[in-house]
Each structure stands twice: as C-alpha cells, then as structure tokens.
Amino acid sequence: MSGGGVTDSVFEDGFKAIIRPNCSMSPRGLVTFVICLTVVSLSIALSFLSLGLWMVLPFAGLETIIVAVAIAASVRRASDYEMLIVDGDEVTITQNRGGRTRTSKFQRYWTQVRHEPGATRLQPDRLLIGSHGRFVAIGADLTEADKKRFAARISTVLRVG
Amino acid sequence: MATAEAAHHEEHHHPSGIMRWITTTNHKDIGTLYLSFSLMMFMVGGAMALVIRAELFQPGLQIVDPHFFNQMTTMHALVMIFGAIMPGFVGFANWMIPMMIGAPDMALPRLNNWSFWILPFAFTMLLGSLFAPGGGPASGWTLYAPLSIQGGMSVDMTILAVHMMGISSVLGAINIVVTVFNMRAPGMTLMKMPLFVWTWLITAYLLIAVMPVLAGAVTMLLTDRHFGTAFFDPAGGGDPVMFQHIFWFFGHPEVYVMILPAFGIISEIIPTFARKPLFGYASMVLAVAGIAFLSFIVWAHHMFTVGMPLIGELFFMYATMLIAVPTGVKVFNWVATMWRGSMTFETPMLFAISVVVLFTIGGLSGLMLAITPADFQYHDTYFVVAHFHYVLFSGAAMAMMGGAYYWLPKWTGHMYDEKLGKLHFWLTAIFFNITFFPQHFLGLAGMPRRIPDYALQFTEFNVMSSIGAFGLGFSQLLLVYVVVKCVRGGEKASAEVWDNPKGLEWTVPSPAPYHTFETPPQVR
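Model, not experiment: these values are computed from the prediction. (Residues numbered from 1 in each chain as written. Chains lettered and ligands numbered in written order. Predicted model: local features only at pLDDT ≥ 70, side-chain atom pairs only at ≥ 80, totals over all residues. Heavy atoms only, no water.)

(A) Here's a closer look at the overall build of chain A. The number of helices and strands found in chain A is three helices and eight strands. Going residue by residue from the N terminus, the α and β elements of chain A occur as β-β-α-α-β-β-β-β-β-β-α. The C-alpha radius of gyration computed for chain A amounts to 22 Å, which surpasses the reference 15 Å derived for 161 residues by more than 25%, pointing to a less compact arrangement than a globule. Across its three principal directions, the C-alpha atoms of chain A cover 75 × 40 × 25 Å. Going through the 161 residues of chain A one by one, you find that 46% of them count as buried. Across chain A, every contact between residues at least 6 apart in sequence was considered, and the portion connecting residues at least 24 apart equals 43%. (Helix = DSSP H or I, 4+ residues; strand = E, 2+ residues; numbered from the N terminus. Rg over C-alpha atoms; globule rule 2.2 N^0.38 Å. Buried < 20%, exposed > 50% of the residue type's maximum accessible area, 1.4 Å probe, protein only. Contact = heavy atoms within 4.5 Å.)

(B) The arrangement of the overall build of chain B in detail. Along the backbone of chain B there are 16 helices and one strand. Computed over the C-alpha atoms, the radius of gyration of chain B is 23 Å, within 12% of the 24 Å expected from 2.2 N^0.38 for a compact globule of 524 residues. Over its C-alpha atoms, taken along the principal directions, chain B stretches across nearly 70 × 60 × 45 Å. Across the 524 residues in chain B, those meeting the buried criterion constitute 62%. Taking as baseline every contact in chain B between residues at least 6 positions apart, the subset at least 24 positions apart corresponds to 83%. When the accessible surface of chain B is totalled, it reaches about 19100 Å², and 71% of it is carbon and sulfur. Averaging the coordinates of the 21 positive side-chain charges in chain B and doing the same for the 26 negative ones gives two points 12 Å apart. (Areas by Shrake-Rupley, 256 points an atom, 1.4 Å probe, with all protein chains shown as cover. Lys, Arg positive; Asp, Glu negative; His and termini not counted. Charge placed at Lys NZ, Arg CZ, Asp CG, Glu CD.)

(C) Structural view of the side chain of Ser510 of chain B. All names here are of chain B. Position of Ser510 relative to the elements: it lies in the segment after helix 16 (459-488). For Ser510, the side chain forms a polar contact with the side chain of Lys410, separated by 3.0 Å. From its side chain, Ser510 meets the backbone oxygen of Ser494 in a polar contact 2.7 Å long. Among residues more than four places away in sequence, those in contact with Ser510 are Pro409, Lys410, Gly413, Lys492, Ala493, Ser494, Ala495 and Val497. (Polar contact = N/O pair within 3.5 Å; in protein donor to acceptor, adjacent residues only side chain to side chain.)

(D) Up close: the sheet that holds strand 8 (residues 134-138) of chain A. Residues and elements named next belong to chain A. The three strands are arranged 6-7-8 in an open sheet whose pairing can be described as antiparallel. The sheet terminates laterally at strand 6 (112-116) and strand 8, the two strands that pair on one side only. Across the sheet, the mean angle from the axis of one strand to that of its neighbour is 30°, orientation sign disregarded. As defined by bridge partners, strand 6 adjoins strand 7 (residues 126-131) across five bridges and the pair is classed as antiparallel. For Arg114, the partnering residue across the bridge sits in strand 7 and is Leu128. (Pairing = 2+ DSSP bridges. Axes fitted to C-alpha atoms, helices over the stretch in contact; angles between N-to-C directions.)

(E) Layout of the packing of helix 1 (residues 27-50) of chain A against helix 2 (residues 56-78) of chain A. Residues and elements named next belong to chain A. One can describe the packing of helix 1 onto helix 2 by two numbers: an axis separation of 9 Å at closest approach and a directional angle of 175°. It follows from the interaxial angle that helix 1 and helix 2 lie roughly antiparallel. For the pair helix 1 and helix 2, the contacting residues are Pro27, Leu30, Phe33, Val34, Leu37, Thr38, Ser41, Leu42, Ala45, Leu46, Phe48 and Leu49 in the first and Val56, Leu57, Ala60, Gly61, Glu63, Thr64, Val67, Ala68, Ile71 and Val75 in the second. Classifying every residue of the contact of helix 1 with helix 2 gives 17 nonpolar, four polar and one charged. (Parallel < 35°, antiparallel > 145°, perpendicular 65-115°, else oblique. Nonpolar A, V, L, I, M, F, W, Y, C, P; charged D, E, K, R; others polar.)

(F) Quick peek at the pattern of salt bridges. Residues and elements named next belong to chain A. For the coordinates displayed, the defined rule picks out nine salt bridges over all chains. A salt bridge links Glu82 to Arg97, with the nearest nitrogen and oxygen atoms 3.9 Å apart. Within this pair, whereas Glu82 is found in strand 3 (residues 81-87), its partner Arg97 is found in strand 4 (residues 90-97), the two being separated by 15 residues in sequence. By relative accessible area, Arg97 is classed as partly exposed at 33%. Shared partners join several salt bridges into a network, and the residues in it are Asp80, Glu82 and Arg97. (Salt bridge = Lys/Arg side-chain N within 4 Å of Asp/Glu carboxyl O.)

(G) Structural context of the side chain of Gln476 of chain B. Here Gln476 of chain B lies in helix 16. Contact partners of Gln476 of chain B, with chain neighbours within four places excluded, come to Phe42, Met43, Met401, His424 and Thr428 of chain B.

(H) Structural view of the nonpolar core. Phe82, Phe123, Trp200, Phe232 and Ile246 of chain B are the most contacted members of the largest nonpolar core, which totals 193 residues. At 22 residues, helix 3 (residues 66-101) of chain B tops the list of elements feeding residues into this core. Listed in part, the 18 residues of the second largest apolar core include Ala17, Val91, Val136 and Leu158 of chain A. (Core = buried A, V, L, I, M, F, W, Y, C linked by side-chain atoms within 4.5 Å.)

(I) Main features of unusual backbone geometry. All names here are of chain B. Looking along the chain, the bond that leaves Ala145 and enters Pro146 is cis, with omega of 5°. Locating Pro146 in the fold gives a position in the loop between helix 4 (109-128) and helix 5 (147-150). Here the residue pair Ser510 and Pro511 is connected by a cis peptide bond, since its omega of -5° sits within 30 degrees of zero. Within the fold, Pro511 resides in the segment after helix 16. In the Ramachandran plot, Arg450 falls in the positive-phi region, its phi being about 55° despite a non-glycine side chain. Position of Arg450 relative to the elements: it lies in the loop between helix 15 (418-444) and helix 16. Overall, the relative accessible area of 30% leaves Arg450 in the partly exposed class. Phi angles above zero are rare outside glycine, and Asn500 is one such case at about 55°.

(J) Summary view of the packing of aromatic side chains. All names here are of chain B. What the rule picks out here adds up to 44 aromatic pairs over all chains. Ring plane angle 70° and centroid distance 5.0 Å describe the contact between Phe273 and Trp498, whose orientation is recorded as edge-to-face. Here Phe273, found in helix 8 (residues 240-274), pairs with Trp498, found in the segment after helix 16; they are 225 residues apart in sequence, far enough to count as distant. The ring of Trp21 carries Arg20 above its face, with NZ or CZ at 4.3 Å from the centroid. (Phe/Tyr/Trp six-rings, centres within 6.5 Å; stacked < 30°, edge-to-face > 60°. Lys NZ or Arg CZ within 6 Å of the ring centre and 35° of its normal.)

(K) Main features of the environment of Ile269 of chain B. Counting through the fold element by element, Ile269 of chain B comes out in helix 8. Sequence separation between Ile269 of chain B and Pro513 of chain B is 244 residues, and the spatial gap between their C-alpha atoms is 22 Å.

(L) Spatial organisation of the environment of Met183 of chain B. If you trace the backbone, Met183 of chain B turns up in the loop between helix 6 (153-182) and helix 7 (195-226). Judged by its relative accessible area of 4%, Met183 of chain B is buried. Between the alpha carbons of Met183 of chain B and Gly102 of chain B there is a distance of 7.7 Å; along the sequence they are 81 residues apart. With residues near it in sequence (within four places) discarded, Met183 of chain B still touches Asn22, Ser24 and Arg77 of chain A together with Ile101, Gly102, Ala103, Pro104, Asp105, Met106, Ala107 and Val178 of chain B.

(M) Representation of the packing of helix 8 of chain B against helix 12 (residues 347-370) of chain B. Residue and element names in this part refer to chain B. The geometry of helix 8 relative to helix 12 is characterised by a closest axis approach of 9 Å and an angle of 130° between their N-to-C directions. It follows that helix 8 is oblique to helix 12 by the angle criterion. Both helix 8 and helix 12 take part in a crossing whose hand is left-handed. Contacts between helix 8 and helix 12 pair Ile259, Phe263, Ile266, Ile269, Ile270, Phe273 and Ala274 from the former with Pro348, Met349, Ala352, Val355, Val356 and Phe359 from the latter. When the residues that make up the contact of helix 8 with helix 12 are grouped by side-chain class, the tally is 13 nonpolar, no polar and no charged. (Left-handed = near helix turned anticlockwise from the far one by under 90°.)

(N) Representation of the confidence of the model for chain B in the model. Averaged over all residues, the pLDDT of chain B equals 94, while 96% of them reach at least 70. Under a pLDDT of 50 for its full length, residues 1-12 of chain B has, in the predicted model, 27 contacts with residues more than four places off or in other chains. (pLDDT = per-residue confidence, 0-100.)

(O) Examining the domain arrangement of chain A more closely. Under the domain assignment, chain A is made up of domain 1 (5-21 + 81-160) and domain 2 (27-78). Each of domain 1 of chain A and domain 2 of chain A has a C-alpha centre, and these two points are 40 Å apart. (Domains from an automatic or database assignment.)

Given below as structure tokens:
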C-alpha cells in the first residue's frame, strides 16, 4: 500500500524529493481480487455450459480478460514516480510514467521554478522547473495547494545552494 | 531512459463546448453526463408510461392498437431500467465515489469516458427500433422465447442495444471496483468507507458476475433467430423455459443492482438530517453483502408457474423469504438512526423517509409474492406491477431524487429552491401512491398485466391510477425546473452545505473544484 504524495529528504549540499500517486491496495491484493472474480464468473459460465448454454462462457472469458487488463493498468500506476534531486550544481528530474523513464538535467544556479495557474477553471495549475526556455512540468499528482508549497520549498532549496 | 532535449513546456489544450463533453475524462464531467442522460431517459420512459396509462384510463381500445401498447410496455421497462435507473446510479458513483474515498479521479478515466459514450448509441438503436418494419420489440423487457424469436427486425436491434448497454455497465463496474480498491486515501480502510461506496462496490461485483449471462442469453436468442440453433426454440427441440431460467439468473441480481445504490444514498442522507451517526454500520455492510449473495439463489421465484418440481418451489420460496432478514436489518437501522435524532425535514430527508416507508411496502408485497401458492394467484397480475413500482420508483428513483437534492449544492455551488423541492416531493409522493396503490387491488382482483383492455369491474381503480400517473409525470417537470434553476444560480452554498455532515466530500468547497484530492487526504 503506497500512501502517495511528496516525501523529501535533505542531505549535505543536496535535496531529494519523490512524488508518488496514491495506491491503496498491494499488487498481491489486486491479483487475489482478480482470481476471486474469475472463479465466480467462470463457475457461473461453466454451470450454464453443462446445461448446453455455452455462449455465456466466451462473454465471461472476455470480461475476465478486461478485468485483468484494467487491474494491470491500475497496478502499473503504483510504480509511477517523479524524483527531483538537487546535488551540488546539478538539478535532476526523473519521471517514470507507465514504465517509461525520462530524465532532465539543469544547472542549479540557472534553474527557475514557476507555478502557473490553469488558463481556465478546467485546467489544473502547473508546476514548471527548468531554465533557458526548457521546462519540465512536474507534480501532476499534487493538489494546487501542495504544488504551491512544493514550489516554495524547491525555490528555497535552490537559493540556499 | 531518454534525456529531455526539447522543451516540455507543452500546453494543455482543454477543448471547450461540445468537444469538452465528448473528450472529457474528468469524473465530475462524466457524472454530469450520466445524470443528464438518466434524466432525459426518465422523461422518455415516463412519456411511454403515460401512453400506457392513457390507454388504460377506460376499458376498450381508444388511443393505441394492442401491438403498439405491447411495444410501449416493453420499451418503457427497457428505457427506465437501462436508461434511467442504472445510468443515474453510475452518475452518482462517478461524482461521489472519488470524492468520498479521497481519490483524484476514477482509476481508468478513458475507460470511463467510453463507458458513457456507448450509451447514447445504444439508446439511439433501441429507440430507433420503434421505427423498424413491424414496429418495436413487443415481447416485454424480459424478451421471453419463443415470442422474441418470432419478432421482427426490432428484436435484433434490441439485442444489439442490450449488448452495448451491457458493455457500458460492465466497464463502469470494473472502473468502480478498481477505483475503490486502489485509490482510497491513506487511512480510508474498507470499513471506514461511506455506505454509498460499499453499496456500489457490491453492486459492481453483481454486475460483473451477471452481465456475461445476459450477453450469452441474448446472443443465443439471436442465433436461434438467424443461425439455425435451437437453444430456446421449441420448434427445433430447444427449451423456452431455459431462457426464463438464464434470463432471471441475470434479472434478479439486476433488481439489486437497481436498489443497493439507493440504500447507499439514503444511508448518507438520514444520518445528516437526524444528526446522528448511522446506526449499525457493520451490520449494514453485512446486510448489503447478504442481500447480494441471496440474489444469486432466488431467481426462479419469477417463474413459479412454469411447473417446476415441488422441492424447487420450496427452495426458491424459502430462499426468497430469507432476503427479508438483511433487508429488515437495514430498515431497522435507518429507523434506529432517526430514533431520538435531532431531525429536520429538508427535501432530501423527506425523500429518504419516504423511501424507507414506501420501499418497505414494496418489500412486503414482495414477501407475499414469494409464497409459492399465493404467487400462483398473483403471477402476471397488476399486483406484480404495483410491487415492482414500489421497489423501483419509490425505492430507486425517489432515492436518486433525494440524492440529487442532497448533493446538488455540492455539484453546482448553489442551494436549490427548498420550497419548490418540497412541493416536488409532496406531489411525487402523493401522485405515486394514487398511481400504484390501487394496482394492488386490481391485481388481487385478477386484472392481468400487459393488456390494453380490461373487464368493466376494473374501471374505477384504473381511472384513479391513470389520473395519478399523469400527475406524477407532470410533477417531474418541476424536478427539471428546480435542477436547471439551481445550476443557473441561487444562494451560494457553503462547503459543508448541511449542518455538520460527515464525509470527505463536504471538506472540499462548493462547487467541488474540477480537480480534487490530487494528493490524498489523511483519514483518521
């Protein structure tokens, strides 16, 4: 069970923050759930099969596959994270979404932190970190208030260095 | 691992106008879409009910021919069940479940969008079948074989529409289950979840378990019609009674799909206006689970008259009567929650109390129908029509109305017009009883259901019922007016809206921000 949110730590001449989405159930728990569901669904389908009504089975099988795929997609989210490391003169942002990792590096003293409100009510605020016209949006798993707090924290860390 | 070379200062293009609603993956938008669709279908299905009641106002054939009358009874049920009640509850689930468990959105937002947008196509197909050669489906919503095997092209359209509705329901159910399991805020253990979330979790299980059965049943109907199979066609050695078994194996859990979320809604409303915590939370959860389990072993009470063995009749009779136990626990707990509470009677509470009273009447008439020898008398009479309308209208639909008034300020940021809300409640409750209570007497006196004409001795009660139906139908325009008025403006609602309500949804401002709980709140 992953609580999600920001966890940060300060070390000598550096700072590390990890942002994770919240996942309330372990992958093992979700697999157990899929197995339970499959047993119930297939038992019903096999009972009808024994009566000659075989067409329930393909639909039950298809549905089981969709449930498994949906669970897998949700489990995969548990491994998503965003990591920001300030170490010496370097700022490194590593973003892992759906198993794909992207790393961006910036020079610490040129790095800017921008907190931009959404252009409309429907758009979330954006937290941008970068320099020289190259910015990375981070903190999609944070609330607007937490984005503001996180932006202030990072700005302080960068200035202190 | 790739290094970001280019600027990621990407713009988030959020479409506006109609494209916003077509492409949205936001749970609140999709909840609004479901609820609007449900209200629209409620009006369409209601108009069909008025055609039925207009014809039954007097004995004899006055307004429609018998075949069209049968199309109306069939379509009224399909539209109300699959178009109004089920999408309505999914709308509530979309809006409320993420906020109640402290999640930023549903677990699978794109799937959520797709689940909704299948529905308009399904209902275009279903309603379009009325214009097919030979008219719409006329075999009743149960599509019993062999009548449905003999129907025209409209039956094929209905089967395809039922498949689409089934896909929509299953995808919605999968999304709800995954969301509840994987996206609860830290500290939000299963036994801390609001009862509405529990009822929907169990409802989603039921849907996932029984929807393949419906899909298989209607597909076998289709192959009997067009591909030379004989699953249910007696002309080829098939067994039409087997269709009834397979249909009701889906159909009875489906009844609970339509009522369990209603239980959840009133379990949220009553504690707020009684200003007491819900009495017997754990027993409420167990009762819902018990009802769901029993729903799988009672299906044949819908078909006592087909001639099943005595042991089968006894089993299904006792199993059905057993459902009264967990249901009784729930009714007791709602009453116990109100007992010595500091009660006030705002519109949502009026609806919730009426659900407790009127649903109990429906439950008791259900117990009468569960008694096999008595059912031989009541089967396919207006007593059954009265029974299931007390369960589905005054249970499911009125719970949804109460829920809409309860959460409308949270959704829109405005208070609804309390005077008009109360007027809507009283008109609905009074006209509902004028419409459906006399139908008990009609059924007990032997008036069959699904007929456009009747014997003269049934006239008075039918006149009463039809007058009530028109009053009930037109009263619902008031609901539309109140909702539209509330959406457009009104007194500003506070975050809590009511007097110290419990639940995470009341911790966010009104209207609820477009993006809530991107970081989960801590639940203690």
